[in-house]
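# Structure assessment
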Amino acid sequence: MKISRVLSGAFALALCASQSALATTIGFSQVGSESGWRTSFSESVKAEAEKRGIELKFSDAQQKQENQIKAVRSFIAQGVDAIMIAPVVETGWKPVLREAKRARIPVVILDRNVDVKNQSLFLTRIASDFVEEGRRAAQWLMDETEGNCKILELQGTVGATAAIDRMKGFNEVIAKYPNSEIVRSQTGEFTRTKGKEVMEAMLKAENSGKGICALWSHNDEMALGAIQAIKEAGLKPGEDMLVVSVDGVPDYFKAMADGDANATVELNPHLGAPAFDVIEAYLKGDRKVEKLITTTGDLFTQETAAEEYAKRAGN
Ligand code: AHR
C-alpha cells in the first residue's frame, strides 16, 4: 500500500475523531406525538439539529412522565452536553432536575412548564404565553356572539401547562360576560380520537347540542375529532356550533376553509432554533440567559384560511 494512502486514511480518521469530539450532544425528551402540532415541533427540532451538526438524542415519552424521567436519567448517564425537556405535566420534576444539576448538565424547558420552586434547576424555558392564547380565543368568541354563548370545552391533558393556562385565560375573559358560560368541560387529552369520543358524550348529554353555541377546544387536534362528532349529531360545525381552538395546524386551516371551524390561535412549533441558540451560547460561556423566552402567535379566522392552508400545506 502506498504511504500517501495510509497517511490520508489516518488523517481522515483523526479528522472524524476530532469532529465527533467537538460535536455537541443534546438529549431531548419530547411529550409524544399526540397532535399534528407536536409532530411539527419534533420534526423542526430534528431538522435544526442536523443543520447545526448537533448530535440529537431524541426520546418520545408517549405522553407518560415516567418515560421522560427515565430518558433524562439515561441522558445524564451518557454524559450529554445539554438536555431539553418538553414536559407532559408540570409536577414531579424536582428529583431528576437536581440530578442533572449535580451532573452539571444544563436543562432547557420547552413548551409546557415545570412546577419547581428552585428556578436554578433549569437554564431557561422557551414557550408561548398559554394564558394569552386562552384570552384571545375567548375574546374572539365573545365579539362574535356579542357575549351570549353556551360553551362546551375540551380540555388538554390534565396537569399540563397548556391546559391549565389556556383554561385560565379563557375563563378570565368569559367571566366578564354574564350571558356566557361553559356548560360542560372535560379532557380530550389533546388527541383527535379522544376529542371525538368526549364530544359525542357531551353532545348526548346536551340534547344533541341544541342550545349550545360554541366548542372551545384546547387544541386543533381535539377540535378536528369533535367536528366529526358534531356532524354525526346532525349539526353543521362552524355555523350551528362555532369552533374555536389553538395551534394552527394545516388540517385545521383546511377545516376553516371548508367552513367547519371558525378560529384558531397559532402556536409556534419552531422551538429548536431558539433552544439551540441558548445552549450553544451557554456552552461557550455566556451565562446571561433570560429565564423565560416567549413566542407569540396570531389568531386566524375563516377569512384567510384558504390562503394560509395553501402556504402551510405547501400547495
Ligand atoms: O403543549 C402544547 C400543546 O400540546 C399543543 O397545543 C397541543 O397540540 C399539544 O399536544
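Rules used in this analysis
- Residues numbered from 1 in each chain as written.
- Predicted model: local features only at pLDDT ≥ 70, side-chain atom pairs only at ≥ 80, totals over all residues.
- Heavy atoms only, no water.
- Helix = DSSP H or I, 4+ residues; strand = E, 2+ residues; numbered from the N terminus.
- Buried < 20%, exposed > 50% of the residue type's maximum accessible area, 1.4 Å probe, protein only.
- Contact = heavy atoms within 4.5 Å.
- Areas by Shrake-Rupley, 256 points an atom, 1.4 Å probe, with all protein chains shown as cover.
- Lys, Arg positive; Asp, Glu negative; His and termini not counted.
- Charge placed at Lys NZ, Arg CZ, Asp CG, Glu CD.
- Pairing = 2+ DSSP bridges.
- Axes fitted to C-alpha atoms, helices over the stretch in contact; angles between N-to-C directions.
- Near = heavy atom within 4 Å.
- Polar contact = N/O pair within 3.5 Å; in protein donor to acceptor, adjacent residues only side chain to side chain.
- 1 Å grid on protein atoms, 1.4 Å probe; cavity = no way out; pocket = protein on both sides within 12 Å on 5 of 7 lines; lining within 4 Å.
- Sits in = over half its atoms within 2 Å of the grid points.
- Domains from an automatic or database assignment.
- Disulfide = S-S within 2.5 Å.

## A look at the overall build of the protein chain
- From N to C terminus, the protein chain includes 11 helices and 12 strands.
- Each principal axis of the C-alpha distribution contributes one length, and for the protein chain these read about 85 × 45 × 30 Å.
- Every one of the 315 residues in the protein chain was classed for burial, and the buried ones make up 50%.
- Within the protein chain, contacts between residues separated by at least 24 positions form 73% of all contacts whose residues are at least 6 apart in sequence.
- Total accessible area on the protein chain stands at roughly 14,800 Å², and carbon and sulfur atoms take up 50% of it.
- Counting 39 positive and 44 negative side-chain charges, the protein chain places the centres of these two groups 9 Å from one another.

## What to know about the sheet that holds strand 1 (residues 25-30)
- Spatially, the six strands line up as an open sheet ordered 2-1-3-4-5-11, and their pairing is parallel. Where the open sheet ends on each side, the last strands, each with one partner, are strand 2 (55-60) and strand 11 (292-295). Adjacent strand axes in the sheet meet at a mean angle of 15° when their direction is disregarded.
- Bridging between strand 5 (residues 124-128) and strand 11 involves four bridges; their strand directions are parallel. Looking at strand 11, one finds that Ser128 is bridged to Thr295.
- Set on the sheet, helix 3 (residues 65-78) makes contact with strand 1, strand 2 and strand 3 (82-85); between it and strand 1 the angle comes to about 175°.

## Regarding the site of the ligand
- The ligand sits among Glu34, Ser35, Trp37, Arg38, Asp111, Arg112, Ala162, Arg166, Phe190, Asn219, Asp247 and Leu267.
- Within the side chain of Ser35, an N or O atom sits 3.0 Å from an oxygen atom of the ligand.
- The contact in question runs from an oxygen atom of the ligand to an N or O atom on the side chain of Asn219, over 2.9 Å.
- Burial of the ligand by the protein amounts to 100% of the accessible area it has alone, namely 280 Å².
- Among the cavities detected, the one that contains the ligand is the largest cavity.
- Secondary structure elements with two or more residues in the shell around the ligand: helix 2 (36-52) and helix 6 (161-174).
- Shared between two domains, the shell around the ligand takes at least three residues from each, and those domains are domain 1 (2-128 + 269-295) and domain 2 (130-268 + 300-312).

## Brief notes about the state of the cysteines
- Here the structure, examined in full by the defined rule, presents one disulfide.
- At a sulfur-sulfur separation of 2.0 Å, the disulfide partner of Cys149 is Cys213. Torsion about the S-S bond of the Cys149 and Cys213 cystine: about -95°, corresponding to left-handed handedness. Here Cys149, found in strand 6 (residues 149-155), pairs with Cys213, found in the loop between helix 7 (192-205) and strand 8 (214-217); they are 64 residues apart in sequence, far enough to count as distant. The same class applies to Cys149 and to Cys213, which are both buried.

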